[in-house]
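Below, each chain spelled out in residue letters.
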Amino acid sequence: MAESAASAPAAPAAPVTKTPPDGLTSAQVAEQCSRGLGNTGGERVSRSVAEILRANILTRFNFILGALLAVILVVGAPQDALFGIVLVANALIGIAQELRAKATLDRLAVLSAPRVRVTRDGAPREIAVAELVAGDLVGLRPGDQLVADGVVREAASLEADESLLTGESEPVDKRAGDRLLSGSFVVAGSGSYQATEVGAEAYARRLATEARRFALVRSELMDGINRILRYITWVMVPVAALLVVSQLHVHDTVQAALTATVAGLVAMVPQGLVLLTSVAFAVAAITLARRQVLVQQLPAVEGLARVDVVCLDKTGTLTDGTIGFDRLIRLDDQAPAEAALGALADEQAPNATLAAIGRAFPPPGWTRETSVPFSSARKWSAASFAGHGTWVLGAPEMVLPAGPPDYLSQAADLAAAGQRVLVLARTAEPLDGESLPAGLRAAALIVLAERLRPDAAQAIAYFAAQGVALKVISGDSPYTVGAVAARAGLAGGGEPVDARHLPDETGELGRVLEEHSVFGRVTPHQKEAMVTALQARGHTVAMTGDGVNDVLALKLADIGIAMGSGSPATKAVAELVLLDNRFATLPAVVAEGRRVTANIERVANLFVTKTVWATFLAVAVGVALLPYPFLPRHLTIIDTLAIGVPSFFLALAPNPRRYRPGFVNRVLRFALPAGAIIAAATLAAYALSRASGLPLVQQRTAATLVTLILSLCVLVLLAVPLTWRRIVLVGAALAGFVLLFPARVVRRFYALELPRSGLVIILLIAALGAAALVSLWAALRRRGARPAEAARKR
């Protein structure tokens, strides 16, 4: 054990007034609150309203589009300012969805928020973390995460894990007078401490907050989209200069030249791409909230799609988490086994196993002299009782020596049947530190019963079908774990591995982990090593857990998933919390992550393809000194009918495609040639109309017609497989364009007039462009780079 002074930061020099055992009075609590010594300003899982407004309004492209809108309002026609309505609508939709997600996340966060046990006015009570004040006496038991700094007042074999603060992996003994730091957590024993530094003054106030904050942190999707936006920004500067010069040259008025320039630049901006990404994350959070899943970091939704290994515990995951006493098998008829079990279970903060034993055996009234609390690393607990010797309860292979009588084989046979087995042993020797006492003799085997979750087999079958490997990692006997895993239908359940024999070298450990699925007698440090070894071999690892022994592994995993009934420390470091404690919820969570990533990639293809053809067109007309082939109002038609509205439906549609790395490369591999095809076809139709001597309004209508048809072709390709809803969506977009022509007032408003000649050739150009797009899509699909949905598994 490391000593507390060795790993913790130095204690403050100022003396602390000791709170009496009865705790603070109500008047003292009120006084502390009035002095600002409360634990306020704590964790939040969602962004503030101001942050949401800022993120949706103060963006790079909103500034660009806002400036272009101002130019049109000064020199152009009101009809050409329609893109401003789209700009405002996009921001309002994004704000509304994020506020909705915020309300949902905040509501769930209240349900899962940790509470602390304090003594006030001489009575124990539970209060919210934010209600804690400096001077409060706080009770401690295993799994509690410290929410304020303080000084230990009472300690019964108290051990704290400060690894999240100091990096040291060994638990630290804590005795009366020792410092405790917020961010650390109790792994063994019990006691109480007096809160001294609270709120912003606490040593690690922001530690848990950073793990629970609503923020679009680093992710492949966001990194990829930001990379694409940087490319677009770099390109816009020289293209803008080229457009200004060329349009001033070909137009008679500055107003017409500026309107054409604005049209060219507006077309290059992928309006809605960032919006749809944020909306997709927010909607996913709301969808998961309905399934009782609290998303504490929204990018975790994307991370779920990348997961190819899920590490899980047996207890509370494959089984329902309830432990009951089954039977006692006597090994020594002279030993008072029942009384000893009742005495061992009679402690201040029993774990689930001791609580189950305590329900079966009442306390005999023995006087406890010394004790060693249970820990996941030791896998046993012990206590010495006056006049009754020392008793040890724990895993048979950790407590009993090998050799006759062969109680270990008897215990192994019971474990192989899926039963959880503990041994009760006694000795006359006293406890000496945390080592097993000498002279232990087996007194009884205790068999505990656990019930397999009825939906565990279905969840395991889903992951197997989706190519996600499951690794059952448990501290129980490998035989017990293997038997339960086999009953749940996990492949490899019949070949469990004893973690005590696992290699230490990361590469070799990773190989063993890939070859086997069930591991027993795993220590907390081994769980961390397992996660690291799997990541070293290129796997994206999700880790589920509910106990304090899972905290560090959850922190290391790519996605940490805590159970709602888990310890506060576990929930604080996890990205997701399953509030209903059901492992069977995970398939829906993974499916939601895959839907988000696949759909964002699909709509990114739509937006980036538009940016590419707009850029190529701008460069082409700038070099050729031609009028730009669109007015801003024409681009509003194309944006709304073929990109903007359909993309919202596609972004939120079901999509079971598995995650594939290389998001940006796949998008560019499709968008660059597809954009070039659309630009070439549009330029050809525009040039043909000019060569035929048609008026500029008819030339621009021809260009709009071809661009819209080919943009709808891209939409169809990206929407495959075509469900009836998607067919209706495409048909409605096409009908919307057709309906612009019958009414003269509408045609004049949008400056549309079908060409008097050459319409058939224009439509033929559009057909050739569509054929080229279909050929491109088929070629990319054959190469395994299909930009739309991968083929469904049927």
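The rules behind the values
- Position labels on residues start from 1 in each chain and follow its written sequence.
- Totals for whole chains, interfaces and linings use every residue, but because this is a predicted model, local features are given only for residues with pLDDT of at least 70 and side-chain atom pairs only at 80 or more, for both listing and counting.
- Side-chain numbers come from the whole structure's heavy atoms, not from hydrogens or water.
- Going along the chain from the N terminus, every DSSP run of H or I of four or more residues is numbered as a helix, and every run of E of two or more is numbered as a strand.
- Residue-level accessible areas treat just the shown protein chains as cover; the underlying method is Shrake-Rupley with a 1.4 Å probe.
- The method works on a 1 Å grid over the protein atoms by themselves. A cavity is a set of points holding a 1.4 Å probe that cannot get out, a pocket is an open set with protein on both sides within 12 Å along at least five of seven lines, and residues with an atom within 4 Å of a point line them.
- Grid points are joined across faces, edges and corners, and a volume is the space filled by probe spheres set on the points.
- Under this grouping Gly is polar, as are all residues other than the nonpolar Ala, Val, Leu, Ile, Met, Phe, Trp, Tyr, Cys and Pro and the charged Asp, Glu, Lys and Arg.
- A patch consists of residues whose relative accessible area exceeds 30% and which take part in no salt bridge; residues with like charges are grouped when within 9 Å of each other, and nonpolar side chains (Val, Leu, Ile, Met, Phe, Trp, Tyr) when within 5 Å.
- Definition used for salt bridges: Asp or Glu carboxyl oxygen within 4 Å of a side-chain nitrogen of Lys or Arg.
- For helices, the fitted axis covers only the stretch in contact; all axes are lines through C-alpha atoms, and the angles between them, taken along N-to-C directions, range from 0 to 180 degrees.
- Should an angle lie under 35 degrees it is considered roughly parallel, over 145 roughly antiparallel, and from 65 to 115 roughly perpendicular; all remaining angles are considered oblique.
- By convention, the crossing between two helices is left-handed when the near helix turns anticlockwise from the far helix through less than a right angle, and right-handed when the turn is clockwise.
- Contacts were defined at the residue level, with two residues in contact if any of their heavy atoms lie within 4.5 Å.
- Expected span of a helix, by definition, is 1.5 Å for each gap between consecutive residues, and there is one gap fewer than residues.
- Three exposure classes are used, based on accessible area relative to the maximum for each residue type with a 1.4 Å probe and protein chains only: buried under 20%, partly exposed in between, and exposed over 50%.
- The rule for pairing is simple: two strands pair if DSSP sees at least two bridges between them.
- Side-chain atoms within 4.5 Å link the members of a nonpolar core, which is a set of buried Ala, Val, Leu, Ile, Met, Phe, Trp, Tyr and Cys residues.
- The score called pLDDT rates the predictor's confidence residue by residue, from a low of 0 to a high of 100.

K.L.:
Explain the overall build of the protein chain to me, using residue names and the numbers behind them.
P.N.:
When you go through the protein chain residue by residue, the secondary structure sums to 29 helices and 21 strands. Of the roughly 31,400 Å² that the protein chain leaves accessible, carbon and sulfur atoms contribute 59%.

K.L.:
Got a sec to walk through the layout of surface pockets? Specific residues and values, please.
P.N.:
Taken as a whole, the second largest pocket spans an internal volume of roughly 550 Å³. Around the second largest pocket, the lining comprises 24 residues; the ones closest to its centre are A55, T59, V274, L275 and S278. Secondary structure elements with two or more residues in the lining of the second largest pocket: α3 (49–57), α4 (60–75), α5 (82–112), α8 (220–250) and α10 (273–290). Of the residues in the lining of the second largest pocket, the class split is 13 nonpolar, eight polar and three charged.

K.L.:
Give a description of a nonpolar patch on the surface that names residues and reports values.
P.N.:
On the surface, V49, L53, I57, L58, F63 and L99 cluster together into a nonpolar patch covering about 520 Å² of accessible area. Of all the elements, α3 adds the most residues to the nonpolar patch, at three residues.

K.L.:
So what's going on with the packing of helix α25 (residues 663–691) against helix α26 (residues 696–719)? Residues and values would help.
P.N.:
Two elements in contact, α25 and α26, have axes separated by 8 Å at closest approach and are oriented at 155°. Regarding the angle of α25 to α26, the classification is roughly antiparallel. Relative to α26, α25 is oriented so that their crossing is right-handed. Note on element contacts: α26 touches α25 through L696, Q699, A702, A703, V706, T707, L710, S711, V714 and L718, opposite F670, I678, A681, T682, A685, Y686, S689 and R690. Taken together, the residues that form the contact of α25 with α26 break down as 12 nonpolar, five polar and one charged.

K.L.:
Could you give an account of the packing of α26 against helix α29 (residues 759–782), with specific residues and numbers?
P.N.:
Closest axis-to-axis distance for the α26/α29 pair is 9 Å, and the angle between their directions is 25°. As the angle between them shows, α26 and α29 are arranged roughly parallel. Note that α26 runs across α29; the crossing there is right-handed. Across the interface between the two elements, A702, L705, V706, I709, L710, C713, V714 and L717 of α26 pack against L759, I762, L763, A766, G769, A770, L773, V774 and W777 of α29.

K.L.:
Describe in detail helix α9 (residues 254–268), supporting the description with residues and values.
P.N.:
For an α-helix the count is 3.6 residues per turn, leaving residues at separations of three or four pointing the same way. For α9, built from 15 residues, the straight-helix expectation of 21 Å at 1.5 Å per residue is met to within 8% by its first-to-last C-alpha distance of 21 Å. Buried residues dominate α9, accounting for 11 of its 15 residues. Here α9 has its buried residues at A257, T259, A260, T261, V262, A263, G264, L265, V266, A267 and M268.

K.L.:
Describe the pairing of strand β7 (residues 185–197), naming the residues involved and giving the relevant values.
P.N.:
Buried residues dominate β7, accounting for 13 of its 13 residues. Here strand β3 (residues 137–140) pairs with β7 via four bridges, running antiparallel. By the bridge assignment, L140 is partnered in β7 with G191. Both strand β4 (residues 149–161) and β7 contribute to a ladder of 10 bridges, which runs antiparallel. Each residue of the ladder has a partner; that of A155, found in β7, is G191.

K.L.:
Any chance you could break down the nonpolar core for me, citing the residues and the numbers?
P.N.:
Among soluble globular proteins, nonpolar side chains are generally buried collectively. Among the nonpolar cores identified, the biggest contains 136 residues, and V310, L318, L576, F583, W613, Y628 and L773 are the most heavily contacted of them. Here the element with the most residues in this core is helix α23 (residues 586–624); it accounts for 16 residues. With residues near it in sequence (within four places) discarded, L318 still touches L312, D313, R451, L452, R453, A456, I460, V472, V484, A485, A488 and F583.

K.L.:
Please give an account of the confidence of the model for the protein chain that cites residues and values.
P.N.:
Overall, the predicted model of the protein chain reaches an average pLDDT of 82, with 90% of residues at or above 70. Low pLDDT, under 50, characterises residues 1–14; the stretch is placed with 28 contacts to residues that sit more than four places away or in other chains.

K.L.:
Residues and numbers for the side chain of Q698, please.
P.N.:
Relative to the helices and strands, Q698 is located in helix α26. For Q698, a relative accessible area of 0% gives the class buried. Ignoring anything within four residues of it in the chain, the contact list for Q698 reads E753, L754, P755 and R756.

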